[in-house]
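# Geometric and topological summary
Residues per chain are reported as follows:
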Amino acid sequence: MDYLESSLEVLKILNNNNFDAFIVGGFVRDYLLNIKSNDIDLTSSATPSEVSKLFKTIPTGIKYGTVLIDYNGFKFEHTTFRKDGLYNDSRHPEEIEFSKNILEDIKRRDFTINALLMDKDKNIIDYLDAKKDLDNKIIKTIGNPNDRFNEDALRMLRCISFVSKLGFDIEDGTYKSIYENKDLLRNVSIERIRIEFDKISNGCFRKKAWELFYKLKLNEIFPNMLELKTYDVSIRDILIYNLVETGEISDFWMLSKQEIRNLNKCVNLLKNGINNYNMFISGYTASIYALTYLKLDLKLWDNLKIKSLKDLNINGNDLVDVVSKNKRGDCLNHLAKLVIDGKVKNEKDELLEEAYRWNTSA
Ligand code: ATP
Ligand code: MG
């Protein structure tokens, strides 16, 4: 039994125990669009404790009524029907309330295309005319967009993520509301924002998504988001561009020291120019960043004859009788450059000979 069939079994078991139960959200949307999806979300009138009596479950978001159902070797996120309480920080509902009514649950969701349901027999249930929006390729909030973005400002970025994934247009009222409410995004945590920026970066329609992002002036809400000449970029490319232009990267992004080091190495590589030796000394990550940024073939890295000093068929110990201790590092770098430039083969004898020559001429 495959993933979808297993989830339909879960629905049947819930139904047999007198609960209403559906697949909801992204999976149903993607199913109708013929997009493969590996993430089935379930919703039912069963509370988390009722669900855990019927299935093996893992509590993942009890506060929001979510448990992971482990069934037939597959995992499904199950969220009890709920209506959300007051939101007062543009982020999370202060309190949630379980509901027995699927319509209430549907109405708390973000966009019409994310509110389609599938029942145990694969019937599609469409309370909000979402199929029409799917056909017209439109992303539209459920209800008044101002209210919905005030409840949870992240939805504005989610809207752009769905543009990137699906290539859809944003409905006029929703678009206007994003423009007017974008300042609310300042209240959202960087962790949630990063997830959406990564989704925007990875979507097939990222060009269209970033174009809208900049048109809506959402870049003004976040630091370091200068506009590039092309929109076919990732969030990393945007940060690299900013570093090239301004030399700065804001703490806002909460990047690790390692990541900042890699970005800086990448920027230096871009400034010094991409060539085999410069890639070699910048290392794998910075080189891949730079090649991606310049839209060059990543094989340029794969094709390097050696990728680190460890790949050189000679090491410091081999040089003991040839080069004095304090010059061995420079000598190895010199040998690496010769190998990378194809001037010397990566063979011990040749390298030793070359080291000897370098030492006497240096
Ligand atoms: P993806 O293809 O990115 O997984 P998805 O639609 O499945 O898209 P999820 O983030 O997995 O998105 O969320 C599952 C469902 O939960 C959504 O389809 C939507 O109905 C609802 N949802 C998620 N986040 C929000 C939110 N911030 N506000 C309202 N509803 C939301
Ligand atoms: Mg999903």
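Residues numbered from 1 in each chain as written. Chains lettered and ligands numbered in written order. Predicted model: local features only at pLDDT ≥ 70, side-chain atom pairs only at ≥ 80, totals over all residues. Heavy atoms only, no water.

### Concerning the overall build of the chain
- Tallying secondary structure elements over the chain gives 17 helices and eleven strands in all.
- Over its C-alpha atoms the chain spans a radius of gyration of 27 Å, topping by over 25% the 21 Å that the globule rule assigns to 362 residues.
- When the backbone C-alpha atoms are referred to their principal axes, the chain occupies close to 85 × 45 × 35 Å.
- Counting over 362 residues, the chain shows a buried share of 48%.
- Of the contacts formed within the chain by residues at least 6 apart in sequence, a portion of 62% connects residues at least 24 apart.
- About 18300 Å² of surface is accessible on the chain, with carbon and sulfur atoms providing 47% of the total. (Helix = DSSP H or I, 4+ residues; strand = E, 2+ residues; numbered from the N terminus. Rg over C-alpha atoms; globule rule 2.2 N^0.38 Å. Buried < 20%, exposed > 50% of the residue type's maximum accessible area, 1.4 Å probe, protein only. Contact = heavy atoms within 4.5 Å. Areas by Shrake-Rupley, 256 points an atom, 1.4 Å probe, with all protein chains shown as cover.)

### Thoughts on the site of ligand 1
- Surrounding ligand 1, one finds 15 residues, the nearest of these being Arg29, Asp152, Arg155, Arg158 and Lys165.
- Within the contact set of ligand 1, an oxygen atom lies 3.0 Å away from a backbone nitrogen or oxygen of Asn114.
- Within the complex, 78% of the 590 Å² of free accessible area of ligand 1 lies under protein.
- When contributions to the shell around ligand 1 are tallied by element, the ones reaching two or more residues are α2 (26-32) and α7 (154-166).
- Counting residues per element, the shell around ligand 1 draws most heavily on α7, at four residues.
- Per-class residue counts for the shell around ligand 1 are one nonpolar, three polar and eleven charged.
- Each of domain 1 (1-129) and domain 2 (137-225) contributes no fewer than three residues to the shell around ligand 1. (Near = heavy atom within 4 Å. Polar contact = N/O pair within 3.5 Å; in protein donor to acceptor, adjacent residues only side chain to side chain. Nonpolar A, V, L, I, M, F, W, Y, C, P; charged D, E, K, R; others polar. Domains from an automatic or database assignment.)

### Section: the domain arrangement of the chain
- Looking at the chain, the domain boundaries give domain 1 (1-129), domain 2 (137-225) and domain 3 (309-362).
- Computed from C-alpha coordinates alone, the two centres of domain 1 and domain 2 are separated by 24 Å.
- Taken together, the 20 residues of domain 1 in the interface contact 23 residues of domain 2.
- Approximately 1700 Å² of surface area, both sides summed, lies buried where domain 1 meets domain 2, with 59% of it carried by carbon and sulfur atoms.
- Scanning the region where domain 1 abuts domain 2 turns up two salt bridges.
- The closest approach of N and O atoms between Lys165 and Asp30, which form a salt bridge, is 2.8 Å.
- Mapped onto the side of domain 1 that touches domain 2, the elements with two or more residues apiece are α2 and α4 (102-107). (Buried area = accessible area lost by both parts, 1.4 Å probe. Salt bridge = Lys/Arg side-chain N within 4 Å of Asp/Glu carboxyl O.)

### Points about a nonpolar patch on the surface
- A surface patch of nonpolar side chains, amounting to about 220 Å² of accessible area, comprises Leu294, Leu296 and Leu300.
- Relative to the assigned elements, Leu294 resides in the loop between α14 (284-293) and α15 (299-302).
- Given a relative accessible area of 40%, Leu294 falls into the partly exposed group. (Patch = residues over 30% accessible without salt bridge, like charges linked within 9 Å, V, L, I, M, F, W, Y side chains within 5 Å.)

### Quick word on unusual backbone geometry
- Unlike most non-glycine residues, Asn34 shows phi in positive territory, near 60 degrees.
- Tracing the chain through its elements places Asn34 in the loop between α2 and β2 (41-44).
- Even without being a glycine, Asp129 presents a positive backbone phi close to 60 degrees.
- Within the fold, Asp129 resides in the loop between β9 (124-125) and α5 (130-135).

### Observations concerning the pattern of salt bridges
- Summed over the entire model, instances satisfying the criterion amount to 25 salt bridges.
- Salt-bridge contacts for Arg158 lead to Asp110; the nearest nitrogen and oxygen are separated by 2.7 Å. Remark: Asp110 occurs in the loop between α4 and β8 (117-118) and Arg158 occurs in helix α7; sequence separation between them is 48 residues.
- Here Asp318 and Lys348 are joined by a salt bridge, their closest N and O atoms 3.1 Å apart. Taken together, the positions of Asp318 in the loop between α15 and α16 (328-340) and Lys348 in helix α17 (residues 348-361) put the pair 30 residues apart, joining distant regions of the chain.
- We classify Asp318 as partly exposed; its relative accessible area is 24%.
- Its relative accessible area of 39% is what places Lys348 among the partly exposed residues.

### Quick word on the side chain of Ser6
- Within the secondary structure, Ser6 is located in helix α1 (residues 3-16).
- Contacts of Ser6, omitting those with residues within four sequence positions, involve Met1, Tyr71, Asn72, Phe74 and Phe76.

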